[in-house]
Amino acid sequence: MEERNELYPVFLKVNQLNILVVGGGNVGHEKLHFLFKSSPNAKVEVVAKWFLPETEELARKHGAKLTKGRYKRKYLKKRHFVIAATNDAKLNKRVYKDAKKRFLLANIADTPELCDFYMGGIVNKGHVKIAISTNGKSPTTAKRLRQFFEEVIPENVNEMVENLNEYRKSIKGDFEAKVEQMNSITESLIYKKQKND
């Protein structure tokens, strides 16, 4: 039987959640960079013995808290999820075990078996956001798909979303009637594409 991707995609309001990142080096910086690229107002604290200058600058820009020192379990208090991104595999595993004791979601960099979630490729065009997952198998494929979608999704897609939202507000009737009318209006998007192929 063919293996399938059983991940369930969700879009988290990370500006309303408390996130801990453990690690101030290259991997920690990369995780922080992509988190802020997608969600500039994410609420994040980074704990590490030292920080790259770029990480300090990124944290300043987005209002993230930097805490210099060793990781301790107490840093998991009042968190919603944690990302461990140090070059110390033993420490990363300890962060994971501590998180599991508190029923927290954890992402341990470059260790798929210790991840409750992956940080996939993201395409962002205004209100339209597409997340791409390869089930942790090939980040390079996710990157290429992201580049593809960034090319093919029109720049004015956000304007269309805004206009449809305004129209939706003006529709009378119950939820089912509104859905039916919105489906009727937007189905032409699919048919136009098929005619052009």
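Everything below is about the structure printed above this text.
Residues numbered from 1 in each chain as written. Predicted model: local features only at pLDDT ≥ 70, side-chain atom pairs only at ≥ 80, totals over all residues. Heavy atoms only, no water.

K.L.:
Quick rundown of the overall build of the chain? Include the residues and the values.
P.N.:
When helices and strands are tallied, the chain shows six helices and seven strands. Written out in order from the N terminus, the α and β elements of the chain read β-α-β-α-β-β-α-β-β-β-α-α-α. Seen through its principal axes, the chain has C-alpha atoms that stretch 55 × 40 × 35 Å. Within the chain, buried positions represent 35% of all 197 residues. Long-range pairs, those at least 24 residues apart, make up 54% of the contacts in the chain with a sequence separation of at least 6. (Helix = DSSP H or I, 4+ residues; strand = E, 2+ residues; numbered from the N terminus. Buried < 20%, exposed > 50% of the residue type's maximum accessible area, 1.4 Å probe, protein only. Contact = heavy atoms within 4.5 Å.)

K.L.:
Any chance you could break down the pattern of salt bridges for me, citing the residues and the numbers?
P.N.:
If you walk through the whole model with that rule in mind, you get six salt bridges. One salt bridge connects Glu155 with Lys125, and the closest N-O pair in it is separated by 2.8 Å. Of this pair, Glu155 sits in the loop between α4 (139-152) and α5 (157-170) while Lys125 sits in strand β6 (residues 121-125), and the two are 30 residues apart along the sequence. With relative accessibility at 10%, the residue Lys125 sits in the buried group. The salt bridge involving Glu166 is made with Lys169; its shortest N-O contact spans 3.3 Å. (Salt bridge = Lys/Arg side-chain N within 4 Å of Asp/Glu carboxyl O.)

K.L.:
Help me get a handle on the packing of helix α1 (residues 26-38) against helix α2 (residues 53-62), residues and values and all.
P.N.:
One way to put it is that α1 packs onto α2 with a least axis distance of 10 Å and a crossing angle of 25 degrees. Our classification of the angle between α1 and α2 gives roughly parallel. For α1 against α2, the interelement crossing comes out left-handed. Along the contact surface, α1 presents His29, Leu32, His33 and Phe36, while α2 presents Glu54, Thr55, Leu58 and His62. Looking at the contact of α1 with α2, its residues break down into three nonpolar, four polar and one charged. (Axes fitted to C-alpha atoms, helices over the stretch in contact; angles between N-to-C directions. Parallel < 35°, antiparallel > 145°, perpendicular 65-115°, else oblique. Left-handed = near helix turned anticlockwise from the far one by under 90°. Nonpolar A, V, L, I, M, F, W, Y, C, P; charged D, E, K, R; others polar.)

K.L.:
Outline the pairing of strand β7 (residues 128-132), listing residues and values.
P.N.:
Alignment of β6 against β7, held across five bridges, turns out to be antiparallel. Pairing of Lys125 across the sheet is with Val128, part of β7. Linkage of β6 to β7, two consecutive antiparallel strands, is achieved through a turn of two residues, within which Gly126 is found at a positive phi near 65 degrees. (Pairing = 2+ DSSP bridges.)

K.L.:
Explain the nonpolar core residue by residue, including any values.
P.N.:
Membership of the largest hydrophobic core comes to 18 residues, with the highest contact counts inside it found for Ile19, Val21, Leu32, Phe36, Ala42, Val44 and Phe81. Of all elements in the fold, only β1 (19-22), α1, β2 (44-48), α2 and β4 (81-84) reach the threshold of two or more residues within this core. Look past the residues within four positions of Phe36 in its chain and what remains in contact with it is Ala42, Val44, Leu58, His62 and Ala64. Residues Leu20, Tyr75, Ala84 and Ala99 belong to the second largest nonpolar core, which totals 16 residues. (Core = buried A, V, L, I, M, F, W, Y, C linked by side-chain atoms within 4.5 Å.)

K.L.:
Kindly report on the packing of aromatic side chains, identifying the contributing residues and their values.
P.N.:
Tallied over the full model, the rule gives two aromatic pairs. Pairing Phe81 with Phe117 gives two aromatic rings, centres 5.1 Å apart and planes at 75 degrees, and the pair type is edge-to-face. Taken together, the positions of Phe81 in strand β4 and Phe117 in the loop between β5 (105-108) and β6 put the pair 36 residues apart, joining distant regions of the chain. With respect to class, Phe81 is no different from Phe117; both count as buried. Consider the rings of Phe148 and Phe149, whose centres lie 5.4 Å apart with planes at 65 degrees: the pair is edge-to-face. The lysine or arginine in question, Lys74, covers the ring of Tyr75, its NZ or CZ lying 5.7 Å from the ring centre. (Phe/Tyr/Trp six-rings, centres within 6.5 Å; stacked < 30°, edge-to-face > 60°. Lys NZ or Arg CZ within 6 Å of the ring centre and 35° of its normal.)

K.L.:
Lay out the sheet that holds β2 in plain terms, naming residues and giving numbers.
P.N.:
On the basis of which strands lie adjacent, the open sheet formed by five strands has the order β3-β2-β1-β4-β5 and parallel pairing. Sheet topology places β3 (65-68) and β5 at the edges, where each strand pairs with a single neighbour. Each strand of the sheet is rotated relative to its neighbour by a mean of 15 degrees, with strand direction disregarded. Alignment of β1 against β2, held across four bridges, turns out to be parallel. Each residue of the ladder has a partner; that of Val22, found in β2, is Val47. Packed on one face of the sheet, helix α3 (residues 89-101) meets β1, β4 and β5 and runs near 170 degrees to β5.

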